[in-house]
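What follows is the residue order along each chain.
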Amino acid sequence: MKRIPYGLTDFVRIRTEDWYFVDKTKYIEILENYPDNYVMFLRPRRFGKTLFLAILDAYYNVQFKDDFDLLFKDTYIHSHKTKEANSYYVLRFDFSVVDTLDVEKSFLFEIELKTKSFVKRYNLNISTSKEPLLILRAILDYFIEHQTKNLYILIDEYDHFANRLLLQDRREYLDVVSQKEAVFKQFFTVLKAGTSGNNAPIKRMFITGVTPMTMYDVTSGFNIGSNISLNSSFNEMLGFSENEVKEMMEYFHIPLKYFDLMKEWYDNYQFSKKNSTKIFNTDMASYFIKEYHKEDEPPRELIDINVRSDYSKLRDVIYTNRKLNGNFETLKNLIAGDTIELETIKTDFSGANFKDEDNFKSLLFYLGLVTIKEVALKTVLKIPNETIKRIDIDFLKDSLELEEMFELNVSKLSALLADFARYGKLEVFNYLAQEIKRNTGLRDYIQNEQTIKAMFLAYLSLTQYFVVKSELELNKGFADITLKPLNPYVEYFGLLEFKFYHKKDEKPNTIKTLVSEAKEQLNRYEKDELVQNFIKEGKRLVKVVLVFRDYELVEVQ
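Residues numbered from 1 in each chain as written. Predicted model: local features only at pLDDT ≥ 70, side-chain atom pairs only at ≥ 80, totals over all residues. Heavy atoms only, no water.

Undergrad: Where do I start with the overall build of the protein chain in this structure?
TA: Helix and strand counts for the protein chain stand at 21 helices and 15 strands. Computed over its C-alpha atoms, the radius of gyration of the protein chain comes to 26 Å, within 12% of the 24 Å expected for a compact globule of 557 residues. For the protein chain, the spread of C-alpha atoms along the three principal axes comes to 90 × 55 × 40 Å. Relative to its 557 residues, the protein chain shows a buried fraction of 55%. Relative to all contacts within the protein chain whose residues are 6 or more apart in sequence, the contacts with residues 24 or more apart total 70%. (Helix = DSSP H or I, 4+ residues; strand = E, 2+ residues; numbered from the N terminus. Rg over C-alpha atoms; globule rule 2.2 N^0.38 Å. Buried < 20%, exposed > 50% of the residue type's maximum accessible area, 1.4 Å probe, protein only. Contact = heavy atoms within 4.5 Å.)

Structure representation (structure tokens):
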């Protein structure tokens, strides 16, 4: 049986050491026929960008010409070989290694290392005793002089260090990427010169990254070529399709009954407005398959620790004058089950301006924290899956605690959730409500039912007993919160309905009326097939009504 290439980005090793390979080589042909030879392709982290660059390197590099059959046997491109195969000298940069502690020195070292290696590898008559950017210019001049040679530039994670720098020190970020003398800006100026004029030395260029911000701040837009990230033809170029995941599960003898679990936690990314096909995150799916084989059962921790990135670094973009701004409100509403809308996902925007709400929403999209739900009059975005929802929830929770707005005893909460899971006890909901009331710093922040729901969602999701779903469609309605059993030892599961009113609007029968409405809704949700299936499996349903007067829980039953 082949091995699972989790985290492995060496294409040559994958093909020569018998690792499992998901064939994406048909996109080589699509890229080659694309009208622009200079392209930028953006995807969230851990979607296989580095491996795809390694595939392009092996396919186009003249040095791999004799290895074509070995590397591409049984792939699409092997039987659809294009005219440009193995016809390029490939110069490849990886900016994920640039250190933000000394950006200029580290960046120039990467340029120097890769240009000198390029000259040596191809045995070119070029002096490497110059400054790094001068070596790059010398390479371009060499290819102008030798017109029979083709140069392909590959740049991996072009914005990795810049994004980290932006979230540490916005002023230093601007100095590094946009000042006239900045080496990063000079680098792209040199590259642009290599794509223009007669006998332009750079025949093709492929750049990967996460967001378009840095390119915008460097060049005021990717004016070297095309940003193909939202093009429908490339929606599935990275990541796994549903069929590809099912084929992997079958090959590695993983029962297909776990497909829905994988789909709920790792799927549902959509990167094109026209192509609605949903995509799995590459590393997330590979992680599940790798972990399954350890004990022949799904991992107890469904979120890979490597995916649980430190999104607390986004904290600076949700504060204005040390107060939570509209960007935080956007994230809170997403967690509570809402979608967000914008005119269109921006392909050009500055990292210096997140006061613009659409810039922030676009940033969330490029980071993979939201994905396309639908496109009509506006573009509608949602959280793609359970993994990302929990990462968003961690961000919300950490931000509130950092501001000393809300903090509770997580151990006690976990024990109370266990009591609900085993015995159906409701004390966990009383405890959460009491803590919301006790934390006075939170009171001005609570404005409506959605805020309270977001708080409950965030803290009920801190354990692995349940998948906590917001606004899950059940029997032609939408349950406020559904606690779906995740751990096999969970005996009770829940449907929660929230009702909220202001004290100034209270009447003698307000609570009784709201409780009656909630019970009617819960009784309707109970008849849904999903709920009934859990009951048939022996799980016991608890229907919970929670009535809040402003921030105070006044009724639970």
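Read on for the rest.
Undergrad: How should the sheet that holds strand E3 (residues 151-156) be read in this particular structure?
TA: Hydrogen bonds between backbone groups are what pair the strands of a sheet, and the pairing can be parallel or antiparallel. Strand order across the open sheet formed by five strands is E2-E3-E4-E1-E5, with parallel pairing between neighbours. In this open sheet, the two edge strands, each paired with only one partner strand, are strand E2 (89-94) and strand E5 (226-227). Sheet topology places E2 next to E3; six bridges connect them, and they run parallel. Opposite Val-90, over in E3, you have Tyr-152 as the bridge partner. Seen against the sheet, helix H3 (residues 49-60) touches E2, E3 and strand E4 (202-209) and runs at an angle of roughly 165° to E3. (Pairing = 2+ DSSP bridges. Axes fitted to C-alpha atoms, helices over the stretch in contact; angles between N-to-C directions.)

Undergrad: Would you mind showing me how to read the nonpolar core here?
TA: Inside soluble globular proteins, nonpolar side chains tend to come together where they are buried. Ranked by internal contacts, the top residues of the largest apolar core, which has 132 residues, are Phe-95, Ile-155, Tyr-158, Phe-184, Phe-187, Phe-188 and Phe-206. Setting aside residues up to four positions removed in sequence, Phe-188 forms contacts with Ile-155, Tyr-158, Ile-207, Met-215, Val-218, Thr-219 and Ile-224. Of all hydrophobic cores here, the second largest spans 41 residues; its members include Leu-432, Ala-433, Phe-500 and Val-544. (Core = buried A, V, L, I, M, F, W, Y, C linked by side-chain atoms within 4.5 Å.)

Undergrad: Please clarify how the sheet that holds strand E15 (residues 552-556) should be interpreted in this entry.
TA: With respect to topology, five strands assemble into an open sheet ordered E11-E12-E13-E14-E15, the strand pairing being mixed. The open sheet has two free edges, formed respectively by strand E11 (466-474) and E15, since each of these has just one partner strand. On average, each strand axis in the sheet is inclined to that of its neighbour by 30°, with strand direction left out of account. Pairing analysis gives eight bridges linking E11 to strand E12 (residues 477-485), with the strands arranged antiparallel. By the bridge assignment for E12, Ser-470 is matched with Ile-481. Against the sheet, helix H17 (residues 410-423) touches E11, E12, strand E13 (492-501) and strand E14 (540-549), its axis set at about 120° to E13.

Undergrad: Which parts of the structure should I look at to understand helix H13 (residues 282-295)?
TA: Side chains three or four residues apart in an α-helix point the same way, a direct result of the helix having 3.6 residues per turn. H13 sits mainly inside the fold: ten of its 14 residues count as buried. By the burial criterion, the buried members of H13 are Thr-282, Asp-283, Met-284, Ala-285, Ser-286, Tyr-287, Phe-288, Ile-289, Glu-291 and Tyr-292. Looking one or two residues past H13, Asp-296 carries a phi angle of roughly 55°, positive in sign.

Undergrad: Would you mind going over the packing of helix H12 (residues 259-266) against H13 with me for this structure?
TA: Geometry of a packed helix pair, given as the angle between the helix axes and the separation of the axes. It is the contact of H12 with H13, at a shortest axis distance of 10 Å, that shows an interaxial angle of 140°. The way H12 lies across H13 gives a crossing that is right-handed. Touching Leu-261, Met-262, Trp-265 and Tyr-266 of H12 are Met-284, Ala-285, Tyr-287, Phe-288 and Ile-289, all from H13. Here the contact of H12 with H13 is built from residues that sort into nine nonpolar, no polar and no charged. (Left-handed = near helix turned anticlockwise from the far one by under 90°. Nonpolar A, V, L, I, M, F, W, Y, C, P; charged D, E, K, R; others polar.)

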